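# Structural description and commentary
Single-letter residue listing:
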Amino acid sequence: MKKSSRKAFYITTPIYYVNAEPHLGHAYTTIVADVIARFYRLAGYDTFFLTGTDEHGDKVVEAATKAGEDVKAYVDRIAASFREAWPKLDITHDYFIRTTDNNHEHTVEEILTRVYDRGDIYFSEYEGKYCVGCERFYTDTELKDDRCPIHLTELKIIREENYFFRMSKYQEWLIDYINEHPTFIRPERYRNEVLAFLREPLEDLCISRPKRRLSWGIPLPFDNNYVTYVWFDALINYISGLSYPDGELFKRFWPVAQHIIAKDILKPHAIFWPCMLKAAGIEPYRHLNVHGYWNIAAGKMSKSMGNIVRPMDMAGEYGLDAFRYFLLRDMVFGLDSDFTEESLVRRLNSDLANDLGNLVSRSTTMIVKYCDGVVPAPAEVGEEDRAIREAVPRVIEEYEALMKEFTFHKALMAVWELVGKANKYIDTTKPWVLAESDQDRLGTVLDTIVGVIQTVSVLIWPFMPRTAEKIQRQLGLEVVGKELGFDSVREWSKTKRVSPVTKGPPLFPRVTVEREEPVVPTPELVDLNDFQGLDLRVGIIRRAEPVRGSDRLLKLTVDIGEERTIVAGLAPHYDIDELNNKQVIVLANLKPIKLKGIESQGMILAAEDEQGVHLVVTDAETKPGSVIK
Ligand code: MSP
């Protein structure tokens, strides 16, 4: 495909203040941007992804002073910590912008000059209540007990002459624009919030700070006694990062611009920015995508509250892909969410280890065991097979639509429904039985399973690129994501296998949070009667199934001359498929107990050493029900 004929996609994150090291909130927004950028790349779009740092304003000066550092040295140091954080989270931005970059400063000067020349910036006196933390004046109605509603600090009365942007002039235009473009601000709750705000008269925006009060900023091109208000400076990054006005990037990507922000900075993005663009004669962006806040316990996370979750710590502890998956799966984009380590572990154990990990492990194990890693050609495709094969294109379509709307949790739910279907399909088609009875049918079933897994691997790539690539390598596929896109899996037969299927280590080892009971050796001697009181018998496992709500337990159906249900903690040690038809020794007269609501009617004997848990067996095939004495 020729480059110029490809569609374009442009995504930005907020540029983060360099008054704090990167934390979970920053990581979330940046990972969301990465997921969407990867998704559009897979879909064949020419994509540009911009992130960076916001380095002017008194907040930053205050932080540098507090750290006892020269401001320039301080902003360089923190900007570097953001720049270094992102590759560790597999962020694939195309450009990292800093508001102290020369190019950016020039663009800000250019926009200011344009708007000034058009008569939309004027000089006036202003007196008001100012919060240093927020870097803004507050009106009396906005105050809380006469204090800043965010920081709850006392406000300074400041009277000064400043430059103002005639924002009020654009109020009607903006209301009309939002009404005519229903998805300009999304999700809808934030669009409604903005429209509600615009029902009150819009005030003009003070866009300067006198140098005697703040010198760390971009000087106004028309008055050297002032620097530019940090928001007027920062918002312009979205076009200076594309080399506005003449850059090829600007021409290609600005018409399709999408921003991602959290609700805290809705007003500057939904109101100041479109008005600024209009005044400068630039088209508005396409979509403003607004998400909620991650909360830890009750309050929001921020440095001042001292409960920062260091993204690198969580990713290091549980694996980067699990971390990325959790953030995108647990938060409903637009709403707030509570972050807890327990919910991350729960997702890791259930969705990732149990559902996806198990699917890949049992499938690759069977293909290696029954077919030496070569996926057999499918024979006749029956109704059962068609049902799952036909679900694949439907899921791809649903997923693409949900991704484009930023409904990530639902896109992942659609993929996991397919994973669940595949696991169930294996349970019902029982390839381990077919391996002994019906090679043709085995071929169809294994081919179906591999087809589903390869689609899943592509769909999860934007979220979990490492896992996707591991699966693709195990399946012997060319790694999708870099060069290959959705089209490679949209049609069943198009995917090329370049090498045999192989088994790999578990994709997501389970995390055990419960404490193991210490095993206390019992040195007491027993007499023969004690031993003879035990009804030990040879058994054969006829069926093994996971137990809902447990990562350790399996429900086994065991033939000991009669059928028994036994619940055993074998899941961490054996794959379900390995247990089928396995011979075991059963303590048959143990009092039944209920585990996770299932009555367990006996116990299976096993030994444990450093290598793990091993089932006790007899040394030759022995009839089920035979007594051990
Ligand atoms: N510098 C401005 C943005 C200028 S953009 C032209 C700024 N910086 S910030 O460092 O405070 O970053 C705010 C953004 O960080 C939020 O909009 C959001 O993207 C992210 N988050 C910070 N804390 C967050 C949570 N607790 N939860 C989710 N995201 C949050 O504002």
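The structure displayed is predicted, hence computed values, not measured ones.

## Looking at the overall build of the chain
Each helix and strand in the chain was counted, giving 21 helices and 24 strands. Overall, the C-alpha framework of the chain stretches about 100 × 60 × 45 Å when taken along its three principal axes. Burial status across the chain gives 54% buried among its 629 residues. Taking as baseline every contact in the chain between residues at least 6 positions apart, the subset at least 24 positions apart corresponds to 73%.

## Side note on helix 6 (residues 188-197)
Where helix 6 is concerned, the buried positions are Tyr 190, Arg 191, Val 194 and Leu 195. Buried residues of helix 6, viewed axially, fall in a sector of 140°; they line one side.

## Points about a negative patch on the surface
Together, Asp 313, Glu 317, Glu 341 and Glu 342 line one region of the surface with negative charge. In this structure, Glu 342 sits in helix 13 (residues 341-371).

## Looking at the side chain of Arg 329
Within the secondary structure layout, Arg 329 lies in helix 12 (residues 320-330). Aside from chain neighbours lying at most four places away, what touches Arg 329 is Arg 347, Asp 351, His 409, Leu 412 and Met 413.

## Things to note about the pattern of salt bridges
According to the stated counting rule, one finds 31 salt bridges in the structure shown. The shortest N-O distance in the salt bridge between Lys 169 and Asp 120 comes to 2.7 Å. Residue Lys 169 is found in the loop between strand 6 (156-165) and helix 5 (171-180), and its partner Asp 120 is found in the loop between helix 4 (102-117) and strand 4 (121-131); the two are separated by 49 residues along the sequence. Of the charged contacts, one joins Glu 545 and Arg 543 as a salt bridge, the two residues approaching to 3.4 Å between their closest N and O atoms. Given the relative accessible area of 27%, Glu 545 is considered partly exposed.

## Re the environment of Gln 601
With respect to the helices, strands and loops of the structure, Gln 601 is situated in the loop between strand 21 (598-600) and strand 22 (603-604). Along the backbone, Gln 601 and Asp 76 are 525 residues apart, and their C-alpha atoms lie at a distance of 66 Å. Excluding residues within four positions of it along the chain, Gln 601 makes contact with Arg 564, Thr 565 and Ile 566. Within the structure, Gln 601 has its side chain in polar contact with the side chain of Glu 599 (distance 3.4 Å).

## Overview of the sheet that holds strand 13 (residues 287-291)
Taking strand neighbours across the sheet as the criterion, the 6 strands line up as 3-2-1-12-13-7 in an open arrangement whose pairing is parallel. The open sheet has two free edges, formed respectively by strand 3 (95-98) and strand 7 (185-186), since each of these has just one partner strand. Relative to strand 2 (residues 46-54), strand 1 (residues 8-17) runs parallel, the two sharing 8 bridges. Within the sheet, the bridge partner assigned to Ile 11 lies in strand 2 and is Phe 49.

## A word on the nonpolar core
Within the largest apolar cluster, 108 residues are counted, with the highest numbers of intra-cluster contacts made by Phe 323, Leu 327, Phe 339, Leu 356 and Phe 408. Considering each element in turn, this core owes the most residues, 12 residues, to helix 1 (residues 24-42). Beyond its immediate chain neighbours, meaning those up to four positions away, Leu 327 contacts Leu 24, Tyr 28, Ile 31, Trp 294 and Phe 339. Grouped together as the second largest cluster of nonpolar side chains are 65 residues, Val 194, Phe 232, Tyr 238 and Ile 282 included.

## A closer look at the sheet that holds strand 10 (residues 219-220)
Sheet strands associate in pairs through backbone hydrogen bonding, adopting either a parallel or an antiparallel arrangement. Spatially, the 3 strands line up as an open sheet ordered 9-11-10, and their pairing is antiparallel. Every interior strand has two partners, whereas the edge strands, strand 9 (208-210) and strand 10, have only one. Pairing geometry for strand 9 and strand 11 (residues 223-228), over 3 bridges, is antiparallel. If you follow Pro 210 over to strand 11, its bridge partner there is Tyr 226.

## What to know about the packing of helix 2 (residues 58-66) against helix 3 (residues 71-88)
Running from amino to carboxyl end, helix 2 crosses helix 3 at an angle of 100°, the nearest separation of the two axes being 9 Å. Put simply, helix 2 runs roughly perpendicular to helix 3. Mapping the contact onto sequence places Val 60, Val 61, Ala 63 and Ala 64 in helix 2 and Val 71, Tyr 74 and Val 75 in helix 3. Residue composition of the contact of helix 2 with helix 3, by class: 7 nonpolar, no polar and no charged.

## Re the pairing of strand 19 (residues 583-587)
Judged by how many residues are buried, strand 19 sits mostly within the fold: 5 of 5 residues are covered. Side chains Gln 583, Ile 585 and Leu 587 of strand 19 all project onto a buried face; the interleaved residues Val 584 and Val 586 project onto the opposite face, where all are buried too. Relative to strand 19, strand 16 (residues 536-546) is paired through 5 bridges, and the arrangement is antiparallel. The residue bridging Arg 537 from the neighbouring strand is Val 586, located in strand 19. In terms of strand pairing, strand 19 meets strand 22 through 2 bridges, oriented antiparallel. Note that in strand 22 the partner of Val 586 across the bridge is Ile 604.

## Description of the site of the ligand
Close to the ligand lie 23 residues; Ile 15, Thr 29, Asp 54, Asp 264 and Trp 294 are nearest. Measuring from a nitrogen atom of the ligand, one finds a backbone N or O atom of Ile 15 at 2.8 Å. In the environment of the ligand, an oxygen atom lies 2.8 Å from a nitrogen or oxygen atom belonging to the side chain of Asp 264. Surface burial for the ligand is 94%, taken as the share of its 670 Å² of free accessible area covered by protein chains. Of all the elements in the fold, those that place two or more residues in the shell around the ligand are strand 1, helix 1, helix 7 (230-235) and helix 8 (237-240). No other element matches strand 1, which puts 4 residues into the shell around the ligand.

## Considerations on unusual backbone geometry
With omega at -5°, the peptide bond leading from Arg 186 into Pro 187 counts as cis. If you trace the backbone, Pro 187 turns up in the loop between strand 7 and helix 6. Cis rather than trans, the peptide bond between Tyr 244 and Pro 245 has omega equal to 0°. Turning to its location among the elements, Pro 245 is positioned in the loop between helix 8 and helix 9 (248-253). Positive phi, normally seen in glycine, also occurs at Asp 146, with a value near 65°. Tracing the sequence through the fold places Asp 146 in the loop between strand 5 (136-138) and strand 6. One non-glycine residue with positive phi stands out, namely Lys 430, at about 45°. Among the secondary structure elements, Lys 430 is positioned in the loop between helix 15 (408-429) and helix 16 (431-437).

The rules behind these values
- Residues numbered from 1 in each chain as written.
- Predicted model: local features only at pLDDT ≥ 70, side-chain atom pairs only at ≥ 80, totals over all residues.
- Heavy atoms only, no water.
- Helix = DSSP H or I, 4+ residues; strand = E, 2+ residues; numbered from the N terminus.
- Buried < 20%, exposed > 50% of the residue type's maximum accessible area, 1.4 Å probe, protein only.
- Contact = heavy atoms within 4.5 Å.
- Arc of directions from axis to C-beta.
- Patch = residues over 30% accessible without salt bridge, like charges linked within 9 Å, V, L, I, M, F, W, Y side chains within 5 Å.
- Areas by Shrake-Rupley, 256 points an atom, 1.4 Å probe, with all protein chains shown as cover.
- Salt bridge = Lys/Arg side-chain N within 4 Å of Asp/Glu carboxyl O.
- Lys, Arg positive; Asp, Glu negative; His and termini not counted.
- Charge placed at Lys NZ, Arg CZ, Asp CG, Glu CD.
- Polar contact = N/O pair within 3.5 Å; in protein donor to acceptor, adjacent residues only side chain to side chain.
- Pairing = 2+ DSSP bridges.
- Core = buried A, V, L, I, M, F, W, Y, C linked by side-chain atoms within 4.5 Å.
- Axes fitted to C-alpha atoms, helices over the stretch in contact; angles between N-to-C directions.
- Parallel < 35°, antiparallel > 145°, perpendicular 65-115°, else oblique.
- Nonpolar A, V, L, I, M, F, W, Y, C, P; charged D, E, K, R; others polar.
- Near = heavy atom within 4 Å.

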